[in-house]
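The chain contents come next:
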Amino acid sequence: MKYTVLGEPLPAVICNVEAGETLITEGGAMSWMSPNMRMQTTSGGGLGKMFGRMLSGDTLFLNRYTAQGGPGEIAFASCFPGSIRDLKNRAG
């Protein structure tokens, strides 16, 4: 997967996903996607994990997005001002 972070103060990350590759996100995180992205909603680990997410204020369900029939594109945008930072590739 390759990705690009765009904009501030309301940033978005656009992910270019290879065919068959899957992203797992919290519900409500996706902003837009290409037509060949398949979305499935799951409980993400059973009743115990759902209960833990509920107590921590997270959503109960997780969404799985999979590119089908070729590469796909999906974007996740912030709903409040801030920034999205790439910590994995950060120098230092």
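Residues numbered from 1 in each chain as written. Predicted model: local features only at pLDDT ≥ 70, side-chain atom pairs only at ≥ 80, totals over all residues. Heavy atoms only, no water.

A. Molecular detail of the overall build of the protein chain. What the protein chain contains, in helices and strands, is 1 helix and 7 strands. In sequence order, the secondary structure elements of the protein chain are arranged as β-β-β-β-β-α-β-β. Among the 92 residues that make up the protein chain, the fraction classed as buried is 24%. For the protein chain, the proportion of contacts with a sequence separation of at least 24, taken over those separated by at least 6, is 71%. (Helix = DSSP H or I, 4+ residues; strand = E, 2+ residues; numbered from the N terminus. Buried < 20%, exposed > 50% of the residue type's maximum accessible area, 1.4 Å probe, protein only. Contact = heavy atoms within 4.5 Å.)

B. Up close: the environment of Val13. If you trace the backbone, Val13 turns up in strand β2 (residues 12-17). Owing to a relative accessible area of 14%, Val13 belongs among the buried residues under this scheme. Note: C-alpha distance between Val13 and Tyr3 (10 residues apart in sequence) is 6.6 Å. Setting aside its immediate chain neighbours within four residues, Val13 contacts Tyr3, Thr4, Val5, Ile74, Ala75, Phe76 and Ile84.

C. Summary view of the packing of aromatic side chains. Counted under the stated rule, the structure contains 1 aromatic pair. With a centroid separation of 6.3 Å and 70 degrees between ring planes, the pair formed by Tyr65 and Phe76 is classed as edge-to-face. One end of the pair, Tyr65, is in strand β6 (residues 62-67); the other, Phe76, is in strand β7 (residues 72-77), with 11 residues separating them in the sequence. When sorted by exposure, Tyr65 lands in the same class as Phe76, which is buried. (Phe/Tyr/Trp six-rings, centres within 6.5 Å; stacked < 30°, edge-to-face > 60°.)

D. The nonpolar core, seen in detail. Among the nonpolar cores identified, the biggest contains 9 residues, and these are Val13, Cys15, Val17, Leu23, Met37, Tyr65, Ala67, Ile74 and Phe76. Of all the elements in the fold, those that place two or more residues in this core are β2, β6 and β7. When residues of this core are assigned to their parent elements, the largest contribution, 3 residues, is made by β2. Not counting residues up to four positions away in its chain, the partners in contact with Cys15 are Met1, Lys2, Tyr3, Leu23, Gly72, Glu73, Ile74 and Phe76. (Core = buried A, V, L, I, M, F, W, Y, C linked by side-chain atoms within 4.5 Å.)

E. Up close: the sheet that holds strand β1 (residues 2-6). The sheet built from 4 strands is open, its strands ordered β1-β2-β7-β4 with antiparallel pairing. With one partner strand each, in any of the chains shown, β1 and β4 (30-33) form the two edges of the open sheet. The mean angle between the axes of side-by-side strands here comes to 20 degrees, regardless of whether they run parallel or antiparallel. (Pairing = 2+ DSSP bridges. Axes fitted to C-alpha atoms, helices over the stretch in contact; angles between N-to-C directions.)

F. Structural context of the side chain of Thr66. Checked against the element boundaries, Thr66 lands in strand β6. A residue is classified by how much of its surface remains accessible, and Thr66, at 16% relative accessible area, is buried. Of the polar contacts made by the side chain of Thr66, one reaches the side chain of Thr22; its length is 2.8 Å. (Polar contact = N/O pair within 3.5 Å; in protein donor to acceptor, adjacent residues only side chain to side chain.)

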